[in-house]
Amino acid sequence: YYKHIADKDGVLVFKLVATADGFLAVTNNRSYAQRTSDEDGTVGDDGAKYVEIEVQKGDELIINVGALPNKRGARPAIDIAVSCDYK
């Protein structure tokens, strides 16, 4: 889990790059909006997963990242990089 405080109003775009099937969930603690890479995400031409969420200055976002289970139900070791920028 990570926490991010929005420094201005807008739409934040989170980028997830992982060595295996990764998962990203972003929750805005002010509005209770939640976006996930599985339900709301898109996959870019670069193979990365992208998730967008609307924010207001000062909003606290909780970011949850992890590995998705494989066919046997085990979660593999994974390297994950997450970045975000305003749209």
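In case you missed it, the structure is sitting above this.
Summarised in this report is the structure supplied together with it. (Residues numbered from 1 in each chain as written. Predicted model: local features only at pLDDT ≥ 70, side-chain atom pairs only at ≥ 80, totals over all residues. Heavy atoms only, no water.)

### Considering the sheet that holds strand β2 (residues 10-18)
In step 1: The strand order across the open sheet built from four strands is β5-β6-β2-β8, with neighbouring strands paired in antiparallel fashion. Strands with a single pairing partner mark the edges of an open sheet, and in this sheet they are β5 (42-43) and β8 (80-86).
In step 2: Two strands pair when backbone bridges link them, and β5 and strand β6 (residues 49-55) are joined in this way by two bridges, in the antiparallel orientation. Considered in β6, the bridge of Thr-42 is made with Tyr-50. (Pairing = 2+ DSSP bridges. Helix = DSSP H or I, 4+ residues; strand = E, 2+ residues; numbered from the N terminus.)

### Focus on the sheet that holds strand β1 (residues 2-5)
In step 1: Here we have four strands laid out as an open sheet, ordered β1-β7-β3-β4, and antiparallel in their pairing. Every interior strand has two partners, whereas the edge strands, β1 and β4 (34-36), have only one. Taken pair by pair, the neighbouring strands of this sheet meet at an average axis angle of 20°, ignoring direction. (Axes fitted to C-alpha atoms, helices over the stretch in contact; angles between N-to-C directions.)

### Some points on the nonpolar core
In step 1: By size, the foremost hydrophobic cluster in this structure holds 13 residues, and its most contacted members are Phe-14, Leu-24, Val-26 and Ile-53.
In step 2: For this core, the secondary-structure elements that each account for two or more residues are β2, β3 (22-28), β6 and β7 (60-67).
In step 3: Those residues within four positions of Ile-53 in sequence are excluded, and the remaining contacts are Gly-10, Val-11, Leu-12, Phe-14, Val-26, Asn-28, Ala-33 and Arg-35. (Core = buried A, V, L, I, M, F, W, Y, C linked by side-chain atoms within 4.5 Å. Buried < 20%, exposed > 50% of the residue type's maximum accessible area, 1.4 Å probe, protein only. Contact = heavy atoms within 4.5 Å.)

### Considering the environment of Tyr-2
In step 1: Residue position: Tyr-2 is located in strand β1.
In step 2: The exposed category is assigned to Tyr-2, whose relative accessible area is 54%.
In step 3: Excluding anything up to four places from it in sequence, Tyr-2 contacts Leu-61, Ile-62, Ile-63 and Val-65.

### Structural notes on the side chain of Lys-49
In step 1: Position of Lys-49 among the secondary structure elements: in strand β6.
In step 2: Nearest to the buried, unbridged Lys-49 among oppositely charged side chains is Asp-38, at 4.4 Å.
In step 3: One polar contact links the side chain of Lys-49 to the main-chain carbonyl oxygen of Gly-22, over a distance of 2.8 Å.
In step 4: Those residues in contact with Lys-49, other than ones at most four positions away along the chain, are Phe-14, Lys-15, Leu-16, Gly-22, Ser-37, Asp-38, Thr-42, Val-43 and Leu-68. (Lys, Arg positive; Asp, Glu negative; His and termini not counted. Salt bridge = Lys/Arg side-chain N within 4 Å of Asp/Glu carboxyl O. Polar contact = N/O pair within 3.5 Å; in protein donor to acceptor, adjacent residues only side chain to side chain.)

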